[in-house]
Amino acid sequence: MTQKTYVVQRGRDQGLPWKGARPRLEQLDVELTERCNNDCIHCCINRPANDAVARAGEMTTEQIRDLLRQAADLGCLQVRFTGGEPLLRHDFQELYIYARRLGLKVLLFTNACLITPGLADLFQRMPPLIEIEVTVYGMHRESYEAVTRIPGSFAQFQRGLNLLLERNVPFVVKWVVLPQNKHEMVEFEVWAGTIPAMTRPPSYVMSLDLRNRRDDEEKNVCIQSLRLTPHESLAILTRDVAEYKQSMEAFASRFMGPSGDRLFSCGVGCSLCIDAYGRAQPCMGLRASEWTVNLNPDLKSVREEDSFSSVSVPGMRPECAGLEDALSQFSRLYDLCTTNPEYLRRCARCFLKGLCEQCPAKSWTEHGTIDTPVAYLCETAHVQARYIGWLGKNEYGWEVMNWQERISVQHSIR
Amino acid sequence: MATQLSLDAVCACSENVVARTIEGEVVLIPLIAGIGDEEDELYTLNETGQAIWQKLDGKKTLKEVAVSLAEVFDGPASELEADVLGFASELTKRGILVAK
Ligand code: SF4
Ligand code: SF4
């Protein structure tokens, strides 16, 4: 049995090491808090940093440790800590070390403002094994703080990033495109290119979500006013036309096509998101109480209080015994079909599905149902499809029968 | 300079590495910086490596590990010993195993 090398190194681009069955849970998302040190004008989730009610309802350290243990037992290799701002939790370091000691990679989503020398030292000594993801709201104090609405936050953000840079802690940056900062995009890209771990172009948040909890009508009006128009999005995407068309060709052949009456075409049932209070959600955006299950015995179930969907899943229960139970409940969602005539007439037959971001979570955030087409996303997808040549001027994605021919390379690129 | 391992050595997983078995696959996850060549690297083992890993209990010498492998694998004792020694040397060099 002599062989020269016994160890296989698995860099992040080499994929996961499974030869046979994949682990039951591949990634766990934990929103450590909904509170944030910033107060961004476009934010879909945040509550004030000093919100005592929100804080009192958050999971305890031990509850989160228990979830992490359960996740590791289910074969999970990566936990994402997000928020709100996850670094606001006083026990963040403890939870981070605990996750790493369980053999989990930690993906941290942060605004970087609360990174301290001690925390940066910890990331250097005990690396998260995946780049920290930092969201950037502006390249200068004026634009940055016009978004975050917290005086001094730009200086905090710069200090946080410098602490990481000084210690060679790998991080990547992403940009939220807003009226307050869109004139700085080129400057952002040049700067992003100087960050050592930025081996790929930065990602952009271009379609802003409404309030994820449907909790603030006034703020929703503000978010809608900040959204790029479909043509503005297209202008950003097509700054390098050749690159755009090439990437869309590759994308179309892999991900586009009508999905029929089935609502979930994503990886629902393979990953889990836990909100700050201990409710398991099938994904980050789907917070409707009837689609979530409660893992926290201290938390009262809210399932009975509201019901606003035209579909229901047999066998879903409001309470669950743990992550494994939550996963098996959510795996039923995969077969969930809709009877909403509007959805069946349009989305079910539309080949732009995949290019279009329409999904149950987006539908719920916008309309309070999981199967209503979202006009903003629909229009954005159609503007792109017409630009590429997949659709004629007055055509709609659901009218096209020969869509495979349309998205073939010969037809689309001209 | 790294010392040569001998078959009398007893090796165990470094406390700087977390070893997990997921879906039958041993996955070695660095806990501190400097174990992998890159910051985000994990390790898995080939079939031989996995068989040897499962016999390492922090008590047996490498020679005893080779003897216990003879129950599972055919082949001359010298070949099994060479594999165990090669495996332990490779993982010790990478900081995944430590000689006790
Ligand atoms: S930093 Fe992030 S979580 Fe905080 S308010 Fe801004 S967008 Fe929301
Ligand atoms: S483009 Fe419109 S019709 Fe097509 S999937 Fe999206 S929302 Fe539905």
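Since the structure is predicted, the reported quantities are computational estimates derived from the model, not experimental observations.

**Side note on the overall build of chain A**
- Assigned secondary structure in chain A consists of 16 helices and twelve strands.
- Judged by the C-alpha coordinates and their principal axes, chain A covers about 65 × 60 × 50 Å.
- Counting across all 414 residues of chain A, residues that qualify as buried make up 56%.
- Entry remark: accessible area of chain A is about 18,100 Å², with carbon and sulfur atoms responsible for 53%.
- Across chain A, the mean location of the 48 positive side-chain charges is 4 Å away from that of the 51 negative side-chain charges.

**Brief notes about the site of ligand 1**
- With respect to spatial proximity, the complete set of residues near ligand 1 consists of Cys36(A), Asn38(A), Cys40(A), His42(A), Cys43(A), Asn46(A), Gly84(A), Asn111(A) and Tyr137(A).
- Partitioning the shell around ligand 1 into residue classes produces four nonpolar, five polar and no charged.

**Let's talk about the pairing of strand β8 (residues 171-176) of chain A**
All names here are of chain A.
- Most of β8 sits inside the fold, with six of its six residues counted as buried.
- Of the two faces of β8, the one lined by Phe-171, Val-173 and Trp-175 and the one lined by Val-172, Lys-174 and Val-176 are each fully buried.
- Note that strand β7 (residues 132-136) and β8 share five bridges and pair parallel. Across the sheet, the residue bridging to Ile-132 is Phe-171, located in β8.

**Overview of the packing of helix α1 (residues 47-55) of chain B against helix α2 (residues 62-69) of chain B**
Residues and elements named next belong to chain B.
- α2 packs onto α1 with a crossing angle of 115° between their chain directions and a minimal axis gap of 9 Å. Read as a crossing pair, α1 and α2 show a hand that is right-handed. Along its contact with α1, which presents Ala-51, Ile-52 and Lys-55, the element α2 presents Val-65, Ser-68 and Leu-69.
- Its residues placed into classes, the contact of α1 with α2 shows four nonpolar, one polar and one charged.

**Focus: the sheet that holds strand β6 (residues 105-110) of chain A**
Residue and element names in this part refer to chain A.
- Strand order in the open sheet formed by nine strands is β9-β8-β7-β6-β5-β2-β10-β11-β12, with mixed pairing between adjacent strands. Both edges of this open sheet fall to β9 (203-205) and β12 (293-294), since each of them pairs with a single strand only.
- Here β6 pairs with β7 via two bridges, running parallel. Bridging from a neighbouring strand, Thr-110 pairs with Val-134 of β7.
- Contacting β7, β8 and β9, helix α7 (residues 185-192) runs over the sheet at an angle of about 175° to β8.

**What about the sheet that holds strand β1 (residues 7-10) of chain A?**
- If you trace the four strands from one edge of the open sheet to the other, you get β1(A)-β4(B)-β3(B)-β2(B), paired in antiparallel fashion. In this open sheet, the two strands that pair with only one neighbour each are β1 of chain A together with β2 (17-22) of chain B. Pairwise comparison of adjacent strand axes, ignoring direction, gives a mean angle of 30° for this sheet.
- Where strand β3 (residues 25-30) of chain B meets strand β4 (residues 42-45) of chain B, two bridges bridge the pair, whose relative direction is antiparallel. Within β4(B), the residue paired with Leu28(B) across the bridge is Tyr43(B).
- Contacts between α1(B) and the sheet are confined to β2, β3 and β4 of chain B, with β3(B) contributing the most and set at about 80° to the helix.

**Points about α2(B)**
All names here are of chain B.
- Taken residue by residue, α2 has Leu-62, Val-65, Ala-66, Ser-68 and Leu-69 as its buried positions. Buried residues along α2 cover an arc of 165° about the axis, so they all sit on one side.
- Those residues of α2 that are buried lie in contact with β1 (11-13), α1 and α3 (77-93).

**As for the site of ligand 2**
- Around ligand 2, the surrounding shell consists of Arg346(A), Cys347(A), Cys350(A), Lys353(A), Cys356(A), Gln358(A), Cys378(A), His382(A) and Trp398(A).
- In the shell around ligand 2, the residues fall into five nonpolar, two polar and two charged.

**Description of the nonpolar core**
- Within the largest apolar cluster, 102 residues are counted, with the highest numbers of intra-cluster contacts made by Leu28(A), Leu68(A), Phe81(A) and Leu323(A).
- Dropping the residues within four chain positions of it, Leu323(A) is found in contact with Leu25(A), Leu28(A), Leu67(A), Gln70(A), Ala71(A), Leu74(A), Leu272(A), Ile274(A) and Leu295(A).
- The next biggest cluster of nonpolar side chains, apart from the first, holds 27 residues, and it includes Ala51(B), Leu56(B), Val65(B) and Leu97(B).

**Considering unusual backbone geometry**
Residue and element names in this part refer to chain A.
- Following Gly-83, the chain continues into Gly-84 via a peptide bond in cis, with omega recorded as 20°.
- You can see Gly-84 is positioned in the loop between β5 (78-82) and α3 (92-101).
- Notably, Ala-112 is not glycine yet its phi reads approximately 75°, a positive angle.
- The exposure class assigned to Ala-112 is buried, which follows from its relative accessible area of 0%.
- Positive phi values are uncommon outside glycine, yet Arg-149 reaches one of about 60°.
- Turning to its location among the elements, Arg-149 is positioned in the loop between α5 (141-148) and α6 (153-166).
- Of the residues examined, Arg-149 reaches a relative accessible area of 39% and is grouped as partly exposed.

**A word on the confidence of the model for chain B**
- Model confidence for chain B is summarised by a mean pLDDT of 90, while 94% of its residues fall at 70 or above.
- Interface predicted TM-score (ipTM) for the complex: 0.93; the corresponding pTM is 0.93.

**Brief notes about the interface of chain B and chain A**
- Listed per partner, the contact involves 33 residues of chain B and 35 residues of chain A.
- Across the chain B-chain A interface, the total number found is zero salt bridges.
- Linking chain B to chain A there are nine residue pairs in polar contact (both at pLDDT 80 or more).
- Listed by contribution, the elements that provide at least two residues to the side of chain B that touches chain A are β2, β3, β4, α1 and α3 of chain B.
- Ranked by residues supplied to the side of chain B that touches chain A, first place goes to α3(B) with eight residues.
- Per-class residue counts for the side of chain B that touches chain A are 17 nonpolar, five polar and eleven charged.
- Sheet analysis places β1(A) next to β4(B), joined by four bridges and oriented antiparallel. Note on β4(B): the bridge partner recorded for Arg10(A) is Leu42(B).

Calculation notes
- Each chain carries its own residue numbering, running from 1 in the direction its sequence is written.
- Chain labels run from A onward and ligand labels from 1 onward, assigned in the order the entries are written.
- With the structure being a predicted model, the display of local features is reserved for residues of pLDDT at least 70 and the display and counting of side-chain atom pairs for 80 or more, all residues being used for whole-chain, interface and lining totals.
- Only hydrogens and water are set aside; all other atoms, that is, all heavy atoms of the structure, feed into the side-chain values.
- Helix and strand assignments follow DSSP, with helices taken as H or I runs no shorter than four residues and strands as E runs no shorter than two, numbered in order from the N terminus.
- Relative accessibility decides the category of a residue: with a 1.4 Å probe and only protein chains considered, values under 20% of the type maximum give buried, values over 50% give exposed, and everything between is partly exposed.
- With residues, only the protein chains shown are counted as cover, and all accessible areas are computed by Shrake-Rupley using a 1.4 Å probe.
- Residues scored as charged are limited to Lys and Arg (positive) and Asp and Glu (negative), so that His and the chain ends carry no count.
- The atoms used to mark charge sites are NZ of Lys, CZ of Arg, CG of Asp and CD of Glu.
- Any residue with a heavy atom positioned within 4 Å of a molecule or strand is treated as near that molecule or strand.
- Residues are sorted three ways: Asp, Glu, Lys and Arg are charged, Ala, Val, Leu, Ile, Met, Phe, Trp, Tyr, Cys and Pro are nonpolar, and all the rest, Gly among them, are polar.
- Two strands are counted as paired when DSSP detects at least two bridges linking them.
- Note on method: axes are straight lines fitted to C-alpha atoms, helices fitted across the in-contact stretch only, with angles between N-to-C directions ranging 0 to 180 degrees.
- Here a crossing is taken to be left-handed if its near helix is turned anticlockwise relative to the far helix by less than a right angle, and right-handed if that turn runs clockwise.
- Contacts were defined at the residue level, with two residues in contact if any of their heavy atoms lie within 4.5 Å.
- Think of it as the arc spanned by the lines of direction from the helix axis to the C-beta atoms.
- As used in this record, nonpolar core signifies buried Ala, Val, Leu, Ile, Met, Phe, Trp, Tyr and Cys residues forming a set joined through side-chain atoms within 4.5 Å.
- On a scale of 0 to 100, pLDDT captures the predictor's confidence in every residue.
- Take a side-chain nitrogen of Lys or Arg and a carboxyl oxygen of Asp or Glu: if they are within 4 Å of each other, that pair is a salt bridge.
- Polar contacts, as used here, are pairs of N or O atoms within 3.5 Å; protein pairs need one atom able to donate a hydrogen and one able to accept it. Residues neighboring in sequence count only if both atoms are side-chain atoms.

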